[in-house]
Amino acid sequence: MSNRLVSLPPLDALRGFVAAARRMSITAAADDLCLTQSAVSRQIQALEERLGTPLFTRSNRSIALTAAGEQLFQLASPWMDRLLELAESLRDEQRIRPVTISASMGVASLWLLPRLGEFQTAHPHIDVRVATSNRVLDLDRDGIDLAIRYSPASPATQGGLLLFDEVVAPVASPAVAASAFRRPETLLQHVLLDLDDKVGPWLHWEYWLGAQGLGQRKPKGRLHFNHYDQLIHAATGGHGVAVGRLPLLLPMLADGRLAGRLDQCLHVDDYRYWLMEAPGTPREEVAVFRDWLVQQAALTSQELARATGAA
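Rules and cut-offs
- Residues numbered from 1 in each chain as written.
- Predicted model: local features only at pLDDT ≥ 70, side-chain atom pairs only at ≥ 80, totals over all residues.
- Heavy atoms only, no water.
- Axes fitted to C-alpha atoms, helices over the stretch in contact; angles between N-to-C directions.
- Helix = DSSP H or I, 4+ residues; strand = E, 2+ residues; numbered from the N terminus.
- Parallel < 35°, antiparallel > 145°, perpendicular 65-115°, else oblique.
- Left-handed = near helix turned anticlockwise from the far one by under 90°.
- Contact = heavy atoms within 4.5 Å.
- Patch = residues over 30% accessible without salt bridge, like charges linked within 9 Å, V, L, I, M, F, W, Y side chains within 5 Å.
- Areas by Shrake-Rupley, 256 points an atom, 1.4 Å probe, with all protein chains shown as cover.
- Salt bridge = Lys/Arg side-chain N within 4 Å of Asp/Glu carboxyl O.
- Buried < 20%, exposed > 50% of the residue type's maximum accessible area, 1.4 Å probe, protein only.
- Phe/Tyr/Trp six-rings, centres within 6.5 Å; stacked < 30°, edge-to-face > 60°.
- Polar contact = N/O pair within 3.5 Å; in protein donor to acceptor, adjacent residues only side chain to side chain.
- Lys, Arg positive; Asp, Glu negative; His and termini not counted.
- Nonpolar A, V, L, I, M, F, W, Y, C, P; charged D, E, K, R; others polar.
- Pairing = 2+ DSSP bridges.
- Core = buried A, V, L, I, M, F, W, Y, C linked by side-chain atoms within 4.5 Å.

A. Broad picture of the packing of helix H5 (residues 105-122) against helix H10 (residues 284-308). Where H5 meets H10, the closest approach of the two axes is 11 Å, and the angle between their N-to-C directions is 120 degrees. Classified by the angle between their axes, H5 and H10 sit oblique to one another. Here the hand of the crossing between H5 and H10 comes out right-handed. Residue-level inspection shows Trp111, Leu112, Arg115, Leu116, Glu118 and Phe119 of H5 in contact with H10, the latter providing Val288, Phe289, Trp292, Leu293, Gln296, Ala297 and Thr300.

Here is the structure:
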């Protein structure tokens, strides 16, 4: 049995014909296809020779479809549209969607982003989208694959994976720390950087000053911030002393951008860092990124134990 497919006109010739028929202009069709006018003319001529009939009538400045050309156009034009839609949908299915992770601005800026370069080097084919928000996002509704949340153990964290504990201590730039951490009362000779957040008392200076018996005394001044990463940038810039969330600040403590009063560490029992995952079986790239996050969290816990003498 002969293969009838070999008798079909070439796709390039059909494409040139359809483009010219849609625009009723070989010049415009050539522009649409990024070809020369002569190339499109040759495609149409080859198609006419293959079919044994003219498809256009030509005058000096215009073209028009013949009866055979009209029949072919009515068949080929919608077929090419459907072929294009199918090709695009198949390409979209093969294209890897980015892994979307949600985290608060402080966690994203201070813990996640400094580590992402290492992941991208190891997995250049996986795109990551970081969605920063200080409100709790609905993973399913908002299209979030993974989320890092700062909260106590509760029904909201059920099914989540504990990444690491919270440990806090006063931190400042080395220049400020040399004076501020000399004695408990010298802290008051500096500006205290405070967070406008009601998460817990351990993140606010009233708690620390009260623990040192300094609750009734006023510091040199206060600066208030509504984002934790801004507060820490002010601390590294020498603008005052901050309450440091040590799991997020280990790289800054290690490279000397910050110095911490680590003998005053507070291990917080209420709040921890959790990794939440969208319901259902994760895509392969999401699982790869999740496993990498878990490894990074384990390293953070080890470094935190060494820094605070808890190892």
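That was the structure; now back to the text.
B. Spotlight on a nonpolar patch on the surface. On the surface, Leu11, Trp79 and Leu83 cluster together into a nonpolar patch covering about 270 Å² of accessible area. Structurally, the position occupied by Leu11 is in helix H1 (residues 11-23).

C. Inspection of the pattern of salt bridges at higher detail. Under the criterion given, the structure shown has 15 salt bridges. With a shortest N-O distance of 3.3 Å, Asp145 and Arg283 are connected by a salt bridge. Of this pair, Asp145 sits in the loop between strand E4 (128-132) and strand E5 (146-151) while Arg283 sits in the loop between strand E11 (266-277) and H10, placing them 138 residues apart in sequence. By relative accessible area, which is 12% here, Asp145 ends up buried. In this structure, the salt-bridge partner of Glu185 is Arg183, at a minimum N-O distance of 2.9 Å. Among the charged side chains, a salt-bridge network with shared partners connects Asp145, Arg283 and Glu285.

D. Just the packing of aromatic side chains, in detail. Under the defined criterion, the tally for this structure stands at ten aromatic pairs. Geometrically, the ring pair formed by Phe119 and Trp292 is tilted, given 5.2 Å between the ring centres and 55 degrees between the ring planes. In this pair, Phe119 is assigned in helix H5 and Trp292 in helix H10, connecting sequence segments 173 residues apart. Using a relative accessible area of 0% as the deciding quantity, one classes Phe119 as buried.

E. Expanded view of the environment of Thr36. Within the secondary structure layout, Thr36 lies in the loop between helix H2 (26-33) and helix H3 (37-51). Overall, Thr36 belongs to the partly exposed group, its relative accessible area being 47%. Residues Thr36 and Leu5, spaced 31 residues apart in sequence, show a C-alpha to C-alpha distance of 29 Å. Among the polar contacts listed, one links the side chain of Thr36 to the side chain of Ser38, at a separation of 3.2 Å. Polar side-chain contacts of Thr36 include one of 3.1 Å to the backbone nitrogen of Ala39.

F. Geometry of the side chain of Asp229. Relative to the helices and strands, Asp229 is located in helix H8 (residues 228-236). There is no salt bridge for the buried Asp229, and the closest opposite charge comes from Arg245, which lies 8.6 Å off by N-O distance. Here Asp229 is in contact with Met105, Gly106, Ser109 and Leu110, once residues within four sequence places are set aside.

G. Focus on the packing of H1 against H3. Interhelical geometry of H1 versus H3 gives an angle of 110 degrees and a closest axis separation of 8 Å. Between H1 and H3, the angle is such that the two are roughly perpendicular. The two elements H1 and H3 cross, and the hand of that crossing is left-handed. Across the interface between the two elements, Asp12, Ala13, Leu14, Gly16, Phe17 and Ala20 of H1 pack against Val40, Gln43, Ile44 and Leu47 of H3. Considering only residue class, the contact of H1 with H3 consists of seven nonpolar, two polar and one charged.

H. Molecular detail of the pairing of strand E3 (residues 99-103). A large share of E3 lies buried, amounting to five of its five residues. Bridge analysis of E3 against E4 gives five bridges, and the strand direction is parallel. Residue pairing for E4: Ile101 is matched across the bridge by Val130. The pairing of E3 with E5 spans two bridges and is parallel. The partner of Ile101 across the bridge, within E5, is Leu146.

I. Structural view of the nonpolar core. In terms of nonpolar packing, the biggest core is built from 61 residues, with Ile232, Val241, Leu249, Phe289 and Leu293 touching the most fellow members. Ignoring any residue separated from it by four or fewer positions in sequence, one finds Leu249 in contact with Leu110, Val171, Tyr228, Ile232, Gly244 and Leu258. Core analysis: the second largest hydrophobic core is formed by 21 residues, Phe17, Ala20, Leu47 and Met80 among them.

Geometry only, nothing functional implied.
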